[in-house]
Structures are given as C-alpha cells and as structure tokens.
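Observations on the model geometry
Each chain, letter by letter, is given below.
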Amino acid sequence: MGKQGRIKMVCFALFLVVLFQCKFLAVAILDPLDFLALQSIRKSLHDLPGSTFFASWDFTSDPCNFAGVYCDSDRVVALNLGDPRAGSPGLTGRIDAAIGKLSSLAELSIVPGRIYGSLPQSISQLKELRFLAISRNFIAGDIPATLGQLRSLKTLDLSYNQLTGEIPRSIGTLPELTNVILCHNHLSGSVPPFLSQVLNRLDLKHNALTGSLAPDSLPPSLQSLSLSWNQLTGPVDRLLSRLDQLSYLDLSLNQFTGPIPGRLFSFPISNLQLERNLFSGSIQPADQVTISTIDLSHNRLSGQISPMFSTVQNLYLNNNRFTGQVPASIVEQLLSGNIQILYLQHNYLTGIEIKPTAEIPVSSSLCLQYNCMVPPVQTPCPFKAGNEKTRPTAQCIEWKG
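Only a predicted model underlies this, so the values are computations on that prediction, with no experimental measurement involved. Each chain carries its own residue numbering, running from 1 in the direction its sequence is written. Under the rules for a predicted model, residues below a pLDDT of 70 receive no local features and side-chain atom pairs below 80 are neither given nor counted, while totals for whole chains, interfaces and linings still include all residues. In computing side-chain values, all of the structure's heavy atoms are included and hydrogens and water are not.

Some details on the overall build of the chain
Worth spelling out the cut-off: In this description a helix means any DSSP run of H or I spanning at least four residues, a strand means any run of E spanning at least two, and both kinds are numbered starting from the N terminus. The atom set for the radius of gyration is the C-alpha atoms, and the globule formula is 2.2 Å times the number of residues raised to the power 0.38. Burial classes: relative accessible area under 20% of the type maximum marks a residue as buried, over 50% as exposed, and values in between as partly exposed (1.4 Å probe, protein chains only).
Summing up its helical and strand segments, the chain has six helices and 27 strands in all. Rg of the C-alpha trace for the chain: 30 Å, well past the compact-globule value of 21 Å for 401 residues, more than 25% over. Expressed along its principal axes, the backbone C-alpha trace of the chain runs to roughly 115 × 45 × 35 Å. Expressed as a percentage of its 401 residues, the buried residues of the chain come to 49%.

What about the sheet that holds strand β18 (residues 255–258)?
Stated formally: Two strands form a pair only when DSSP identifies at least two bridges running between them.
Strand order in this open sheet of eight strands is β12-β14-β16-β18-β20-β22-β24-β26, and the pairing throughout is parallel. Only two strands of the sheet have a single partner each, and these edge strands are β12 (188–189) and β26 (348–352). Sheet topology places β18 next to strand β20 (residues 278–281); two bridges connect them, and they run parallel. Note that in β20 the partner of T257 across the bridge is L278.

Structural notes on helix α2 (residues 32–44)
Heads up, the condition is: Take the number of residues in a helix, subtract one, and multiply by 1.5 Å to get its expected span. Definition of a polar contact: a pair of N or O atoms within 3.5 Å, with one able to donate and the other able to accept a hydrogen when the atoms are protein atoms, and with sequence-neighbouring residues admitted only if both atoms are side-chain atoms.
Look at α2: 19 Å from first C-alpha to last across 13 residues, which is about the 18 Å you get at 1.5 Å a residue. Among the residues of α2, D34, F35, A37, L38, I41 and S44 are the ones counted as buried. The backbone nitrogen of L33 has a side-chain oxygen 2.9 Å away, supplied by the residue at the start of α2, namely D31.

Quick notes on the pairing of strand β14 (residues 208–211)
Consecutive residues of a regular strand have side chains that alternate between opposite faces of the sheet. In terms of strand pairing, β12 meets β14 through two bridges, oriented parallel. By the bridge assignment for β14, S188 is matched with A208. Of the strand pairs in this sheet, β14 and strand β16 (residues 231–235) are connected by two bridges, and their pairing is parallel. In the sheet register, T210 faces β16, and the bridge partner there is Q231.

Considerations on the packing of aromatic side chains
Keep this limit in mind: Aromatic contacts are taken between Phe, Tyr and Trp rings whose centres are within 6.5 Å, Trp giving its six-membered ring; a plane angle under 30 degrees counts as stacked, one over 60 as edge-to-face, and the others as tilted.
For the structure shown, the criterion picks out ten aromatic pairs. Judged by centre distance (5.0 Å) and plane angle (85°), the rings of F54 and W57 are edge-to-face. A single burial state applies to F54 and to W57, both of which are buried. When the centroid spacing of 5.5 Å and the interplanar angle of 85° are considered together, the rings of Y316 and Y343 count as edge-to-face.

What about the UniProt feature "domain: Leucine-rich repeat-containing N-terminal plant-type" (unreviewed entry) in the chain?
The test is simple: UniProt positions are given in the numbering used here, feature names are shortened, and annotations may be inferred rather than shown by experiment.
In this structure's numbering, the residues bearing the UniProt feature "domain: Leucine-rich repeat-containing N-terminal plant-type" (unreviewed entry) are residues 34–72. With 28% helix and 18% strand, the stretch residues 34–72 has end C-alpha atoms that lie 12 Å from each other.

Re the environment of P89
Going by this rule: Here, residues are in contact when the closest pair of their heavy atoms is within 4.5 Å.
Topologically, P89 is positioned in the loop between β3 (75–81) and β4 (91–93). Of the residues examined, P89 reaches a relative accessible area of 31% and is grouped as partly exposed. Once residues lying within four places of it in the same chain are set aside, the contact partners of P89 are L48, P49, G50, S51, P112 and G113.

Here's the deal with the environment of D250
Topologically, D250 is positioned in strand β17 (residues 248–250). For D250, a relative accessible area of 8% corresponds to the buried category. Distance in space between the C-alpha atoms of D250 and L227 is 6.2 Å, their sequence separation being 23 residues. Polar contacts involving the side chain of D250 include one to the side chain of S252, which spans 2.7 Å.

Concerning the state of the cysteines
Selection criterion: Note on terminology: disulfide denotes any pair of cysteine sulfur atoms within 2.5 Å.
Summed over all chains, the structure comprises three disulfides. The partner cysteine of C64 in its disulfide is C71, sulfur to sulfur 2.1 Å. Residues C64 and C71 share a disulfide whose torsion about the S-S bond is about -95°; that sign makes it left-handed. A residue is classified by how much of its surface remains accessible, and C71, at 26% relative accessible area, is partly exposed. The disulfide bridge from C372 ends at C396, spanning 2.0 Å between sulfur atoms. Handedness of the C372-C396 disulfide follows from its S-S torsion of about -100°: it is left-handed. On the criterion of sequence distance, the pair formed by C372 in the loop between β27 (365–367) and α6 (393–400) and C396 in helix α6 is long-range, its members being 24 residues apart. A relative accessible area of 15% places C396 in the buried class.

Looking at the side chain of D31
With respect to the helices, strands and loops of the structure, D31 is situated in the loop between α1 (3–28) and α2. Polar side-chain contacts of D31 include one of 2.9 Å to the backbone nitrogen of L33. Those residues in contact with D31 that lie beyond four places of it in its chain are D74 and R75.

Brief notes about the pattern of salt bridges
Which entries qualify depends on this criterion: Salt bridge, as applied in this entry: a Lys or Arg side-chain nitrogen positioned within 4 Å of an Asp or Glu carboxyl oxygen.
In this structure the tally under the stated criterion is six salt bridges. Residues R75 and D34 are paired through a salt bridge, measuring 3.0 Å at the closest nitrogen-oxygen approach. One end of the pair, R75, is in strand β3; the other, D34, is in helix α2, with 41 residues separating them in the sequence. Of the residues examined, R75 reaches a relative accessible area of 18% and is grouped as buried. For D203, the salt bridge identified is with R201, shortest N-O distance 3.5 Å. Each of D31, D34 and R75 takes part in one network of salt bridges that share partners.

Focus: helix α5 (residues 328–335)
Note on helix geometry: an α-helix contains 3.6 residues per turn, so any two residues three or four positions apart are oriented the same way. Put simply, the test is: Think of the arc as the fan of directions from the helix axis to the C-beta atoms.
Among the residues of α5, I330, V331 and L334 are the ones counted as buried. Along the axis of α5, the buried residues cluster in a sector spanning 100°; they form a single face. Following α5 by one or two positions, G337 adopts a phi angle in the positive range, close to 90°.

Structure, rendered in structure tokens:
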C-alpha cells in the first residue's frame, strides 16, 4: 500500500473516531437519570398493532429527538406518549414507576389506547408537573392521594378509565388547578371541596359519587360544571347562585333537591341541563332568558311557566307539576319558528292560546299531551310521552284542590 493509501486509511479511521465520539456525546447530553427513566418507560410500553410511535426510540441516538420527547438543555420537560393523530391505535402496557425520575417534567400525556394497571405513586415526585392527561385507557385502582403534592398542576385529565375509590381531598387543595376531568370512571364517595380560585372546568359525570355539595365547595371562577349521571343529593341553590361565570351546567340524572335559583337564568350559560332530579318550587327568572337550550324535565317543579322563557330555542319542561296557561309570548315565538323545541307534556297545564288551524313550522316541535286540557292542536310527541292525550280529570281536580 502506498503512502497516499495509508494517509486515506488514517483519515478514515479518524473520521470514524470523531463520528463515534459525536454520537456518544449526542447520547450523553441528556441527564443520565432521564436517560435511564426513558429506557424503563420504553420497556414497559408497546405499540398496538398499526402504531409505529416507538420506531424512533433508538437509544444509540439522542433521546431528545425521540417522538413525543421534548427537552430543555439536558432534561426532559414534556412527554407525549403515542401518536396524537385521530384514529391512531395507541399504546399498551403499564406506566413504569421510573416516570417519577423525570424531575423536570412539566407535561405528561398518553393518547387513547390500552394502558392498564394503576397510576404510579411516583408521579407525585414530579414537582414541576403542570399538565397530566391520561384519558381513554384502562387505568385502574385509586387516584393516588399524593397527587396533592403537585402544587403546580393546572390540568388533571384521567377521564374514560377504570378508576375506583374516592377523589382524594388533597387534589381539591391544589392552588393552580384550572381543569379537572375525571368523568366516565367508577369513582365513589363525595365531591371534595375545590379551593383553586382559577378553576375553569370540573367534569365528574358518569361516576358513582354520592353526598351533597356545600354552598362554598366550588369556586366562582367555574365556567363549565358537569356532575351528571351520579347519585348526588341535597340542595344546590346557594352554591349555584355563586357560580355566575358558568357557560355550561349539567347536573342531570342525580337526586338534587330544593329550588332552582332564578338568577341562574341570567348567567352566560349556553346549555343548561338539570333534568331528572328532584328539584321543586317555582321558576322565576328576573329577566328575559338568553340561554339557547334549557332542560328542566322530570323534576317536581310547580307554579306557572314564566313568559321570560319565550326567548329560549329548545325548552324542555315536561314531566313536572306546572299549572295555569302557557304564556302567549311563548306561543308567538313557537309559531314564528324562534322556538324549535317546546316540550310541555305530563304537567297540569290548563290552557294554551293557539288556534286549531295554526301551522307550526316544520322546524319546530310542540308536545302538549297529558295535561289538564285537550290539546287544541295535534302534534307528534316523543314515543316516551305515551298515548294518552289528556290527564285524568280526577288528577287535575286533586292537584287544583
């Protein structure tokens, strides 16, 4: 081999050394604890068939370039596990306790998939964590009470899992919480007080929660509150009167009692769902109601229907104990097509000023059957309304008496 050939070989060898060192430095740039934690996390999780999320997780290269891994200097600050695109298969396996070693982690999310097992207690070691979202998987067991140590946490989303036990009271003490979404689990016990004065959304629907809500248990900062499909009891009028920032309220399918405060109807709510409870008393909004959809059906509400409801697009007052005449302003809005749904069936109403020849717009629905009057117009009603057009006279006399 000539001198020129030997020089080329030496240069090539030096190139390989430099390349190896660069590769080594690329791996070594990440904090060793974070590097080891990512390895443990990878071993416990796997792509579901059709997913290629972990294809980029080659530990001979820089982990900060892995899919879903985001670094600041030599620390992992965000971990978004799984392909976030809609319809992607997701991941399976367990969340390894080594997750707690990522001490600078501020964001942790896992896409919908088949993650099972319990939530590791070690997550409570992530003191910088602000965003925790693991929804639509198969996480089981209790919510660790030690999550109350995550004093910077803003969003907690563990919805659509298999969680059991009570909602730890410690979570309610977190001062920075803005979103708590624990719906569609098997949680039991009472709703803890939430002290965060910046809480915007609380969604606990579809659980097995019981007990009552104290008047000061939720902050007035709430904009969206959903507690439907539980077994909650007691009055909520004093609580609701304080929540004047609400834009969405769903308390349906519980056993709440007592009156519905009139001032609730002046809040900036677009959708109000209070159906299938035990609310009672009359409903007296102070001003014209601007809420587009109101469902107060299947309660024990009584008195006359307020004309202030004439500006509601979809109004469900059926299966209550309302009496008297249907306000003329409501009839006028129905005939003009501004009211799209007006369900008044199964009450004790005695009249409505509408001509038998009146044409109800095709886009509007009216149901009047099973009241203390013969419906002046025949309109299609929901199947569940039954076939009887009028309430028995004896019931009407007894109720009037």
